[in-house]
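Residue strings, one per chain:
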There are 2 protein chains.
Amino acid sequence: MNHSTLLKSHYPWTSTPLIAAAPMRLIATTALAVSVSQSGGLGFLGIGTDSSVLAGLLSSCTSSLSQAPPIPNVPQGVLPIGVGFIVWGASLSEAVEAVKASPLKPAAIWLFAARQLSELEEWTTALRQASAGKSKIWIQVGTVAMATEVAAACAPDVLVIQGSDAGGHGLAQSSSIISLLPECADELSRRGFGDIPLIAAGGIMDARGVAAALVLGASGATLGTRFLASPEAEIRDGYRAAVIKAGDGGVSTARTSVYDVLRGTTGWPGEYNARGVLNQSYWDHGAGMDAVENKKLYERALEMGDEGWGEMGRLATYAGTGVGLAKEIMPAGEIVRGILNDVRRIQVVL
Amino acid sequence: MNHSTLLKSHYPWTSTPLIAAAPMRLIATTALAVSVSQSGGLGFLGIGTDSSVLAGLLSSCTSSLSQAPPIPNVPQGVLPIGVGFIVWGASLSEAVEAVKASPLKPAAIWLFAARQLSELEEWTTALRQASAGKSKIWIQVGTVAMATEVAAACAPDVLVIQGSDAGGHGLAQSSSIISLLPECADELSRRGFGDIPLIAAGGIMDARGVAAALVLGASGATLGTRFLASPEAEIRDGYRAAVIKAGDGGVSTARTSVYDVLRGTTGWPGEYNARGVLNQSYWDHGAGMDAVENKKLYERALEMGDEGWGEMGRLATYAGTGVGLAKEIMPAGEIVRGILNDVRRIQVVL
């Protein structure tokens, strides 16, 4: 079975190529996940480091879907929505409880940023069991070495290959998917793991990025930043406006730990940081302002609400290098349908 | 005229899509440039910061080509080979002299890393005149802003869009071509510069990378790192071996200024650094070793010859994140023909 056929058999309501909306912590909640899955994609809930929100979000999605025309071809007992965990910070036992208790099991469970490989093995085994195999396991990696190690240890249903352009958290040191995807594909094949579908992440904003991912060796793509520019993303309008305004993401964003420090998001393993739009917090940090003072100003900006974002603002605007390709706010479903439509018209023109 | 037709009309001996070998300073000399152009691509000579080598290299290429079966369809008075300058360090008057004096004008002149936009205007005008329009002007940029400014000021024949994965020198802060190429394409079109063909650079190693560049909006691609693994690259075998050995380039390479310091290559504008394979020099620098001591060890490694390279070595191994996709040493012409052959078989599989 080729990769696309395999993905289609696991998520039969989705169109080909598979378009997923990334499980952005605090941002990808019911509205975003439901719209994406209703439009031929696979929406994810960003459970992040807090497994206690899982049960509520699963039931909110179930209820939201039950009030709309049914999504065709959803397998019995499956919620056509995925959930994403930041493994180093989330509780496995709480996750297992919620999955067991839910009448509908999430179609996919996306694991990211474990402290060690053994955690991923443990999570994979426990969640496959809790969902009676109904939840497919996606594991996100950012290097060729991680891809092969995870493939060997966990036999994931999908490997998400994240490149350096991605917004929010990822490896501080990595390459973009331009070289990472083909090298992962080659190395996985060479070691007998060529049957695992690869989903590309990082810098993909539209059908052109999706098509590039496909020719590089992926069978689908996941987008985060593009969905920030949808009304369904659970962010403040100030954040959304900052995304629309930013352009030339190679220079207007950077990978940094500054925003984690300011937000008090401690606990990330040392090899991770996050890409966000540069603003006053970042520049002051670079100019040597101490963290206590910077945090004080950050908190004052928080009180300003929407005005706290933007180039002159101080609040974290996590976004990828593709931020300049988000030109207008558009419903998430329209984003998915637009990409699926456009990608069919793209050919390698010779 | 579409971009591919335009490129073909300028370089009628080349195949579509246009495959160029980057003008790597000290590395891309006669052998590499000639083999690439003899194989349906466009070879470049790395003139770098030393315009005084131009006359000799042009005549060496002319002589090398005259001893082989003629390349078909080369326009009269044109040498089917390009030349690349690092503008901040090279002498324009010497370049103009050499181009004027050469009976055959280089098919393309690639300008990189000017201190300011006005230099690029000056170089473009002077070299167009010196070559009586026979040399097409390529200008390399790394941000959307640079792309539109250069397009407006210089009307280049080609814009080379370099992403963060590229080996050797480039912008310290940039995105990969995954988002940079489509944003440049959109912004150039919006401003009326949509007629300028884009050539992608950075992380492209084989037909998959070339196909990705095409769907992202480029009309051709330039490869550097892949050609390091050819016998024609003018590098020591130790360097070549280090390229073959390195893999997982997102973590085995990094952008840094360390190697410039050790080699005494001063003068790069502050926004540039270079990507190379990590080795002992880099780690010692990171561990706080002072530059004088590190340079002393570097120079001792230089005396070791081929043994001075490699992971435990100290010599600069400039290479891009795609270094892991260079698995074997292969003649440059075979690399070009292989890519041209493979890219025809790639389709966006839906």
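Digging into the overall build of chain A
Okay, step 1: For chain A, the count of helices and strands is 15 helices and 11 strands.
Okay, step 2: By the compact-globule yardstick of 20 Å for 350 residues, chain A fits well, its C-alpha radius of gyration being 19 Å.
Okay, step 3: The dimensions of chain A, computed from C-alpha atoms along their principal axes, are 55 × 55 × 40 Å.
Okay, step 4: The proportion of buried residues among the 350 residues of chain A is 62%.
Okay, step 5: The contacts in chain A between residues at least 6 apart in sequence include a share of 72% that link residues at least 24 apart.
Okay, step 6: Carbon together with sulfur atoms contributes 52% to the accessible area of chain A, which is approximately 12600 Å² in total.

A closer look at the sheet that holds strand 5 (residues 136-141) of chain B
Residue and element names in this part refer to chain B.
Okay, step 1: With respect to topology, 8 strands assemble into a closed barrel ordered 1-2-3-4-5-6-8-9, the strand pairing being parallel. Strand-to-strand twist of the sheet, defined as the mean angle between neighbouring strand axes without regard to direction, takes the value 25 degrees.
Okay, step 2: Here 4 bridges tie strand 5 to strand 6 (residues 158-162), and the two strands are oriented parallel to one another. Its bridge partner lying in strand 6, glutamine 140 is registered against valine 160.

Remarks on the domain arrangement of chain A
All names here are of chain A.
Okay, step 1: Each assigned domain of chain A is listed with its residue range as follows: domain 1 (3-234 + 327-345) and domain 2 (237-324).
Okay, step 2: If you average the C-alpha positions of domain 1 and of domain 2, the two centres end up 25 Å apart.
Okay, step 3: In this complex, domain 1 contributes 29 residues to the contact, which on the side of domain 2 involves 24 residues.
Okay, step 4: Contact with domain 2 buries surface across domain 1, with Trp88, His169 and Leu228 losing the most and accounting together for 25% of the total.
Okay, step 5: Our count for the contact surface shared by domain 1 and domain 2 stands at 0 salt bridges.
Okay, step 6: Put simply, domain 1 and domain 2 have 16 residue pairs in polar contact (both at pLDDT 80 or more) between them.
Okay, step 7: Take the side of domain 1 that touches domain 2: its biggest share by element is 4 residues, from strand 7 (residues 168-171).

So, the interface of chain B and chain A
Interfaces are often sized by the accessible area lost when the parts come together.
Okay, step 1: Across the boundary between the two partners, chain B contributes 47 residues, which contact 47 residues of chain A.
Okay, step 2: Contact between chain B and chain A buries roughly 3600 Å² in total, counting both sides, with carbon and sulfur atoms accounting for 61%.
Okay, step 3: Where chain B packs against chain A, one counts 3 salt bridges.
Okay, step 4: Across the pair lysine 327 of chain B and glutamate 187 of chain A runs a salt bridge whose closest N-O atoms are separated by 4.0 Å.

Focus on the sheet that holds strand 10 (residues 253-256) of chain B
Residue and element names in this part refer to chain B.
Okay, step 1: Taken in spatial order, the 3 strands of this open sheet run 7-11-10, and their pairing is antiparallel. The strands lining the two open edges of the sheet, one partner per strand, are strand 7 (168-171) and strand 10. Ignoring strand direction, the axes of neighbouring strands in this sheet form an average angle of 35 degrees.
Okay, step 2: Relative to strand 11 (residues 272-277), strand 7 runs antiparallel, the two being bridged by 4 bridges. Looking across to strand 11, one finds that leucine 171 is bridged to tyrosine 272.

Description of unusual backbone geometry
Residue and element names in this part refer to chain A.
Okay, step 1: With an omega of 0 degrees, the peptide bond between threonine 16 and proline 17 qualifies as cis.
Okay, step 2: By secondary structure assignment, the location of proline 17 is in the loop between helix 1 (3-10) and strand 1 (18-21).
Okay, step 3: Even without being glycine, leucine 26 reaches a positive phi, approximately 70 degrees.
Okay, step 4: The backbone of aspartate 248 sits at a positive phi, close to 55 degrees, despite the residue not being glycine.
Okay, step 5: Within the secondary structure layout, aspartate 248 lies in the loop between helix 10 (237-245) and helix 11 (249-252).
Okay, step 6: Residue classification places aspartate 248 among the buried positions, given a relative accessible area of 13%.

Looking at the pattern of salt bridges
Okay, step 1: Applying the stated criterion to the full structure yields 23 salt bridges over all chains.
Okay, step 2: In this structure, arginine 190 of chain A and glutamate 187 of chain A form a salt bridge, with 2.4 Å as the shortest nitrogen-oxygen distance. A residue pair is termed a helical-turn pair when its members lie 3 or 4 positions apart in one helix, as arginine 190 of chain A and glutamate 187 of chain A do in helix 7 (residues 177-190) at 3 residues.
Okay, step 3: Judged by relative accessible area, glutamate 187 of chain A falls into the buried class, the value being 12%.
Okay, step 4: Between aspartate 284 of chain A and arginine 314 of chain A there is a salt bridge, and its shortest N-O distance comes to 2.4 Å. You can see aspartate 284 of chain A sitting in helix 13 (residues 280-286) and its partner arginine 314 of chain A sitting in the loop between helix 14 (291-303) and helix 15 (332-345), a full 30 residues away along the chain. Like aspartate 284 of chain A, the residue arginine 314 of chain A is buried in the burial classification.
Okay, step 5: Each of Glu187, Arg190 and Arg191 of chain A together with Lys327 of chain B takes part in salt bridges that share partners, so that together they form one network.

A word on the relation of the copies chain B and chain A
Okay, step 1: Of the transformation placing chain B onto chain A, the axial shift is 0.0 Å and the rotation is 180 degrees, giving an RMSD of 0.0 Å. Such values leave the two copies arranged in the relation of a two-fold axis. Identified as the residue of chain B closest to the rotation axis by C-alpha distance is alanine 212 of chain B, at 2.1 Å.
Okay, step 2: Take the interface residues of chain B: 100% of them recur as interface residues in chain A, which is what a same-surface contact looks like.

Structural notes on helix 2 (residues 30-38) of chain A
In an α-helix, one turn spans 3.6 residues; hence positions three or four apart end up facing the same way.
Residue and element names in this part refer to chain A.
Okay, step 1: Where burial is concerned, most of helix 2 is hidden: 7 out of the 9 residues are buried.
Okay, step 2: If you check which residues of helix 2 are buried, you get Thr30, Leu32, Ala33, Val34, Ser35, Val36 and Ser37.
Okay, step 3: Contacts made by the buried residues of helix 2 are with strand 1, strand 2 (42-48), helix 3 (54-66), strand 3 (78-86), helix 9 (225-228) and helix 15.
Okay, step 4: Of the residues one or two after helix 2, glycine 40 is the one with positive phi, at around 95 degrees.

Some thoughts on the packing of helix 4 (residues 92-101) of chain B against helix 5 (residues 117-130) of chain B
Residue and element names in this part refer to chain B.
Okay, step 1: The interhelical angle for the contact between helix 4 and helix 5, taken along N-to-C directions, is 20 degrees, at an axis separation of 9 Å. Accordingly, the angle class assigned to the pair helix 4 and helix 5 is roughly parallel. In terms of crossing hand, the pair formed by helix 4 and helix 5 is right-handed. Taking contact as the criterion, the partners of Leu92, Ala95, Val96, Val99 and Lys100 in helix 4 are, on helix 5, Glu122, Trp123, Ala126, Leu127 and Ala130.

Remarks on the environment of glutamine 76 of chain A
Okay, step 1: If you trace the backbone, glutamine 76 of chain A turns up in the loop between helix 3 and strand 3.
Okay, step 2: Considering only alpha carbons, one finds glutamine 76 of chain A and leucine 228 of chain A, 152 residues apart in sequence, at a separation of 31 Å.

With respect to the pairing of strand 8 (residues 198-201) of chain B
Two faces, one strand: in a regular strand the side chains alternate between the faces of the sheet.
Residue and element names in this part refer to chain B.
Okay, step 1: Along strand 8, one buried face is formed by Leu198 and Ala200 and the opposite face, lined by Ile199 and Ala201, is buried too.
Okay, step 2: Two elements, strand 6 and strand 8, share 4 bridges in a ladder whose sense is parallel. Each residue of the ladder has a partner; that of isoleucine 161, found in strand 8, is alanine 200.
Okay, step 3: For the handedness criterion, the β-α-β arrangement of strand 8, helix 8 (residues 207-216) and strand 9 (residues 220-223) is classed as right-handed.

Considerations on the pairing of strand 9 of chain B
Residues and elements named next belong to chain B.
Okay, step 1: The two faces of strand 9 match: Gly220 and Thr222 on one face and Ala221 and Leu223 on the other face are all buried.
Okay, step 2: Of the pairings in the sheet, the one linking strand 1 (residues 18-21) to strand 9 comprises 4 bridges and is parallel in character. Considered in strand 9, the bridge of alanine 21 is made with leucine 223.

What counts as what
Residues numbered from 1 in each chain as written. Chains lettered and ligands numbered in written order. Predicted model: local features only at pLDDT ≥ 70, side-chain atom pairs only at ≥ 80, totals over all residues. Heavy atoms only, no water. Helix = DSSP H or I, 4+ residues; strand = E, 2+ residues; numbered from the N terminus. Rg over C-alpha atoms; globule rule 2.2 N^0.38 Å. Buried < 20%, exposed > 50% of the residue type's maximum accessible area, 1.4 Å probe, protein only. Contact = heavy atoms within 4.5 Å. Areas by Shrake-Rupley, 256 points an atom, 1.4 Å probe, with all protein chains shown as cover. Pairing = 2+ DSSP bridges. Axes fitted to C-alpha atoms, helices over the stretch in contact; angles between N-to-C directions. Domains from an automatic or database assignment. Buried area = accessible area lost by both parts, 1.4 Å probe. Salt bridge = Lys/Arg side-chain N within 4 Å of Asp/Glu carboxyl O. Polar contact = N/O pair within 3.5 Å; in protein donor to acceptor, adjacent residues only side chain to side chain. Least-squares fit on C-alpha atoms with pLDDT ≥ 70 in both. Parallel < 35°, antiparallel > 145°, perpendicular 65-115°, else oblique. Left-handed = near helix turned anticlockwise from the far one by under 90°. Right-handed = clockwise from strand over helix to strand, strands pointing away.

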